[in-house]
Every structure is written in structure tokens, then in C-alpha cells.
Amino acid sequence: GTYQGKVGAWSCEQHNCGDHQWAVLVDAKSGATDVCYHNAAQTAGNSRWFLANGREETRPGDCSVV
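These lines cover the structure that appears in this document, whether it is placed above or below. (Residues numbered from 1 in each chain as written. Predicted model: local features only at pLDDT ≥ 70, side-chain atom pairs only at ≥ 80, totals over all residues. Heavy atoms only, no water.)

## Let's talk about the overall build of the protein chain
Turning to step 1, where the next piece is worked out: Secondary structure summary: the protein chain contains one helix and six strands in total.
Turning to step 2, where the next piece is worked out: Along the first, second and third principal axes, the C-alpha atoms of the protein chain reach 35 × 25 × 15 Å.
Turning to step 3, where the next piece is worked out: Taking all 66 residues of the protein chain together, the buried fraction comes to 23%.
Turning to step 4, where the next piece is worked out: Pairs at least 24 residues apart make up 18% of the contacts formed inside the protein chain by residues separated by at least 6 positions.
Turning to step 5, where the next piece is worked out: If you sum the accessible surface of the protein chain, you get close to 4,100 Å²; carbon and sulfur atoms cover 51% of it.
Turning to step 6, where the next piece is worked out: One way to put it: in the protein chain the 5 positive side-chain charges average out to a point 9 Å from where the 7 negative ones average out. (Helix = DSSP H or I, 4+ residues; strand = E, 2+ residues; numbered from the N terminus. Buried < 20%, exposed > 50% of the residue type's maximum accessible area, 1.4 Å probe, protein only. Contact = heavy atoms within 4.5 Å. Areas by Shrake-Rupley, 256 points an atom, 1.4 Å probe, with all protein chains shown as cover. Lys, Arg positive; Asp, Glu negative; His and termini not counted. Charge placed at Lys NZ, Arg CZ, Asp CG, Glu CD.)

Rendered as C-alpha cells:
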């Protein structure tokens, strides 16, 4: 799928999909890649984003953007 103009892939842990999931978003033009990781036991209703620009962010919600 795509999200904000980026090609994306999403997956999750079998039988624990809502609580443990991840997504990878790639800008097809530049190759810049953002990665989302959601582990409800560690971050409750938030997810951790590792961005192509080297920053790390905590955002509300899970990784199901794609």
C-alpha cells in the first residue's frame, strides 16, 4: 500500500496483531525509509517511529498506517 506518498509494508505478530506490529515506509524516489514499531506492553497506545532523517519519535496509535 501507500501512505503519504510512500510505499509501505505492514505486519504483526501472529495471534497478537493489535499489540505487536511494525511498518516500513519507503520513498520510492529517494529511498528514504521510515520504520514504525508498536509494542503495547512497552508503549501502551503509542508507537515508536525511526525516521530516515535520523530522528526517533513517539506517536499516538499503532503502526497500521498502510
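## Considering the side chain of Ser-47
Turning to step 1, where the next piece is worked out: With respect to the secondary-structure elements, Ser-47 resides in strand β5 (residues 46-50).
Turning to step 2, where the next piece is worked out: Residue classification places Ser-47 among the buried positions, given a relative accessible area of 0%.

## A closer look at the packing of aromatic side chains
Turning to step 1, where the next piece is worked out: The tally for this structure, following the rule as stated, stands at zero aromatic pairs.
Turning to step 2, where the next piece is worked out: The ring of Trp-49 carries the charged tip of Arg-59 above its face, separated from the ring centre by 4.5 Å. (Phe/Tyr/Trp six-rings, centres within 6.5 Å; stacked < 30°, edge-to-face > 60°. Lys NZ or Arg CZ within 6 Å of the ring centre and 35° of its normal.)

## Structural notes on the pairing of strand β4 (residues 33-39)
Consecutive side chains along a regular strand alternate between the two faces of the sheet.
Turning to step 1, where the next piece is worked out: Bridge count for strand β3 (residues 20-26) against β4 is seven bridges, and the pairing is antiparallel. Bridge assignment links His-20 to a residue of β4, and that residue is Asn-39.
Turning to step 2, where the next piece is worked out: The turn linking β3 back onto β4 is made up of six residues, and Gly-31 within it adopts a positive phi angle of 85°.
Turning to step 3, where the next piece is worked out: Note that β4 and β5 share three bridges and pair antiparallel. In the sheet register, Cys-36 faces β5, and the bridge partner there is Trp-49. (Pairing = 2+ DSSP bridges.)

## Some points on unusual backbone geometry
Turning to step 1, where the next piece is worked out: Phi is positive for His-15, close to 70°, though the residue is something other than glycine.
Turning to step 2, where the next piece is worked out: Looking at the element boundaries, His-15 is found in the loop between β2 (6-12) and β3.
Turning to step 3, where the next piece is worked out: Even without a glycine there, the phi angle at Ala-44 is positive, about 50°.
Turning to step 4, where the next piece is worked out: As for its position among the elements, Ala-44 is in the loop between α1 (40-43) and β5.
Turning to step 5, where the next piece is worked out: Residue Ala-44 is classed as exposed on the basis of its relative accessible area of 52%.

Interpretation in functional terms is not warranted from these geometric data alone.
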